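What the coordinates show
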Protein chains: 2
Amino acid sequence: MSTNPLETSANSVNPVERLAALVGSDIEAVDAVIHSRMVSETPLIPALAAHLVDSGGKRLRPLITLAAAHQYGYRGVEHLKLAAAVEFIHTATLLHDDVVDESNLRRGRPTANTVWGNKPSILVGDFLFSRAFQLMVEAGSSPVLAVLANASAIIAEGEVMQLRSAKNLAIGEGDYLKVISAKTAALFAAAAEAGAMIAGAEEAHSRAFYEYGRNLGIAFQLVDDTLDYSGRQAVMGKSVGDDFRECKVTLPVILTLARASEEERRFWRKTIEVGVQEEGDLSRAIEYLERGGALGETIGRARTYARAARDALSLCAESDIKAALAEIADFAVERAY
Amino acid sequence: MSTNPLETSANSVNPVERLAALVGSDIEAVDAVIHSRMVSETPLIPALAAHLVDSGGKRLRPLITLAAAHQYGYRGVEHLKLAAAVEFIHTATLLHDDVVDESNLRRGRPTANTVWGNKPSILVGDFLFSRAFQLMVEAGSSPVLAVLANASAIIAEGEVMQLRSAKNLAIGEGDYLKVISAKTAALFAAAAEAGAMIAGAEEAHSRAFYEYGRNLGIAFQLVDDTLDYSGRQAVMGKSVGDDFRECKVTLPVILTLARASEEERRFWRKTIEVGVQEEGDLSRAIEYLERGGALGETIGRARTYARAARDALSLCAESDIKAALAEIADFAVERAY
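This structure is a prediction, so every number in the text was calculated from the model and none was measured.

**So, the environment of Gly 73 of chain A**
Residue and element names in this part refer to chain A. By the secondary structure assignment, Gly 73 is in the loop between helix H5 (60-71) and helix H6 (78-101). What makes Gly 73 exposed here is the crowd of 10 C-beta atoms within 10 Å. As a C-alpha pair, Gly 73 and Ala 196 span 123 residues in sequence and 9.6 Å in three-dimensional space.

Dropping the structure here:
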């Protein structure tokens, strides 16, 4: 499973693209909903929103919503609104994240806060978040609305938690998993669950999709954590070493600290806790993480979550959609190589 | 109508307090809902939220929701959730506003961004906003949910509009009224309408409450605009001259510019457009606004909106609640004296 998925998958297409093909014109329909709801009399709003919405994100979360609805034979159009709402929540979160993290680069382009400043990024984030709720209300299902509203609160809680864990080397693996379950995995979980629910799936099946999304989200985040130290900027669309520069304590750091020498420990305290980083420190951090095996171990954890995502769908009927979803779980991990 | 309402009102109590008394224990019940929903495993969230929620705000918006529900004989408990949601939306907006405006003082205390920094203020704002939606979903009325979700989007749009109008002396009265209709009046309007709707009021009556809230909100904002140049800090709980220092173009400035001498015009360009403010400039701004009558004219406009708020309720049955709501409209303006 450690080879390139482009060579090993049953089909030679990336599984995300294959899933997109399986939901037919739905992805374009969601894009149309997204663009129609970015419209505002205030031109800054669509301009700033488009910067992110049209920046080549893979629309993975809304795609999962659509796929879940298809898996249960949904024939309506409300799933398009839910998928658009999910993407709006994601976009709003990214806008606020980039302000909070003072990030300069996302998906290979300058962040909205770099181009327009923090203030419009905060307020357009609020606008997109409100638009998400309008779409969810229009979709007309209270239980689904509750799922997505709850996810939003959990995401915000996770973001605050993460803020408190920055520069804090005392954070353990359990704490960290709690943070990413909230800030990253909750939206994947809700996106998947919402799609199954709107299609009238039985509770056990909606729950299965929830578990799929949750585990997939954690796997994705853990691989992102390793890519931040090992990835190439061209592949990632963001700078290598962002987490390090922002003094974020991610799982690779937590795992390497658990058995670090006194010298290494001093290094992490200086660079992450105190926040003093000099020329060469990022290379040294990467060396410690690679030599000690922490990057590989983090990928190992990610693989476990990816397997759990796959397993969660075992009660669902076999279908091309199910197969593609399962492969996406593998793909989440294979990106690391 | 220009004397102190404490002397002239039928009853010697401030009309906001009288309205609070008329809804009985509902205000305490809403406070209990608010506090129960601020709870989080992450202690920073309730701490930061409490800083604003318990800072002596008058809970005017949720009070109007409760009053509207009472006016139509509502006997349920969902209005408590809606009122709490309205206060959460308001609080989230204030948190983000203070970050965007870089404000240091609110209700006589240091702002949350001053105490905890911008990052937690942004994220706890997002959390409270999500909590508002959870409460609205729980209240279980889709039409009411739509009203509040739409208001949220309009508020955010108004905030972005306002951002674009800062330092811009070309803004006209019409543009400005559009901004405050969105950023301030939309929540008052939705708060009032939601209360009537949850109680099953006929559409014409819900609409009347919407109009009441909208006009009241505009009146409040216009009086706030004058207080920013004339108020005493102890009364306002914020610093005199905040709008001036933040280079905000508010109605008093717009009105005074319309007939300013070339010298005055140069002054406003320097202080607001260029943003160069020196010792004595605030006093000079106040002098221009007072001498030219712009503050009085702004209050005149506010009085017109307050009257429209009163008139909007004319189709409603006479009641102590209706009388108190009407007096609050007058009170919104009398605060200016």
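**So, the interface of chain A and chain B**
Contacts between the two partners involve 35 residues from chain A and, on the opposite side, 35 residues from chain B. Broken down by secondary-structure element, the contributors of at least two residues to the side of chain A that touches chain B are helix H4 (44-53), H6, helix H8 (118-139) and helix H9 (142-165) of chain A. Residue composition of the side of chain A that touches chain B, grouped by class: 20 nonpolar, 9 polar and 6 charged.

**Observations regarding the relation of the copies chain A and chain B**
Expressed as a screw operation, the relation of chain A to chain B combines 0.0 Å of axial shift with a rotation of 180 degrees, fitting to an RMSD of 0.0 Å. Put plainly, the chains are arranged around a two-fold axis. Looking at the interface residues of chain A, 100% of them are also at the interface in chain B, so both copies use one shared face.

**So, the packing of helix H11 (residues 203-230) of chain A against helix H18 (residues 320-334) of chain A**
Residues and elements named next belong to chain A. The geometry of H11 relative to H18 is characterised by a closest axis approach of 8 Å and an angle of 20 degrees between their N-to-C directions. Here H11 is positioned roughly parallel relative to H18, judged by the angle of their axes. The element H11 and its partner H18 pack so that their crossing is left-handed. Touching Tyr 212, Leu 216, Ala 219, Phe 220 and Val 223 of H11 are Leu 325, Ile 328, Ala 329, Ala 332 and Val 333, all from H18. The residue inventory of the contact of H11 with H18, partitioned by class, reads 10 nonpolar, no polar and no charged.

**What to know about the confidence of the model for chain A**
Residue and element names in this part refer to chain A. Looking at chain A, pLDDT values average 91 and 94% of them are 70 or higher. Within chain A, no element has a lower average pLDDT than helix H1 (residues 5-8), which sits at 40, and none a higher one than H5, at 98. The low-confidence segment residues 1-11, where pLDDT is below 50, has 13 contacts with residues more than four positions distant or belonging to other chains. Predicted complex metrics record ipTM = 0.91 and pTM = 0.92.

**Thoughts on the environment of Ala 308 of chain B**
Residue and element names in this part refer to chain B. By the secondary structure assignment, Ala 308 is in helix H17 (residues 294-312). Classification of Ala 308 as partly exposed rests on a count of 17 C-beta atoms within 10 Å. Along the chain, Ala 308 and Thr 42 lie 266 residues apart, while their C-alpha atoms are 45 Å from each other.

**Some details on unusual backbone geometry**
One non-glycine residue, Lys 167 of chain A, lies in positive phi territory at about 65 degrees. The residue Lys 167 of chain A is located in the loop between H9 and helix H10 (173-198) in this model. We classify Lys 167 of chain A as partly exposed; it has 15 C-beta atoms within 10 Å. The phi torsion at Arg 59 of chain B lies on the positive side, around 55 degrees, for a residue other than glycine. Mapped onto the fold, Arg 59 of chain B is located in the loop between helix H4 (44-53) and helix H5 (60-71). We classify Arg 59 of chain B as buried; it has 22 C-beta atoms within 10 Å.

Conventions we followed
- Residue numbering note: each chain is counted from 1, following its sequence as written.
- Each chain gets a letter, beginning with A, and each ligand a number, beginning with 1, in the order they are written.
- Whole-chain, interface and lining totals are the exception, using all residues; otherwise, since this is a predicted model, local features are given only for residues with pLDDT of at least 70 and side-chain atom pairs are given and counted only at 80 or more.
- Think of it this way: any DSSP run of H or I at least four residues long counts as a helix, any run of E at least two long counts as a strand, and we number them from the N terminus.
- As a rule, residues whose C-beta atom has 12 or fewer other C-beta atoms within 10 Å are exposed, those with 20 or more are buried, and those in between are partly exposed; C-beta atoms are placed from the backbone.
- The contact rule is simple: place each C-beta atom from the backbone, and if two of them lie within 7 Å, those residues are in contact.
- Each residue gets one of three labels, nonpolar for Ala, Val, Leu, Ile, Met, Phe, Trp, Tyr, Cys and Pro, charged for Asp, Glu, Lys and Arg, and polar for the others, Gly among them.
- The superposition of copies rests on a least-squares fit of C-alpha positions from residues with pLDDT of 70 or more in both.
- With axes taken as lines fitted to C-alpha atoms, and helix axes fitted only over the stretch in contact, angles between N-to-C directions fall between 0 and 180 degrees.
- Angles are sorted into four bins: roughly parallel if under 35 degrees, roughly antiparallel if over 145, roughly perpendicular if 65 to 115, and oblique for all others.
- A clockwise turn of the near helix away from the far one marks a right-handed crossing, whereas an anticlockwise turn of less than a right angle marks a left-handed crossing.
- Values of pLDDT, which run from 0 to 100, indicate the predictor's confidence residue by residue.

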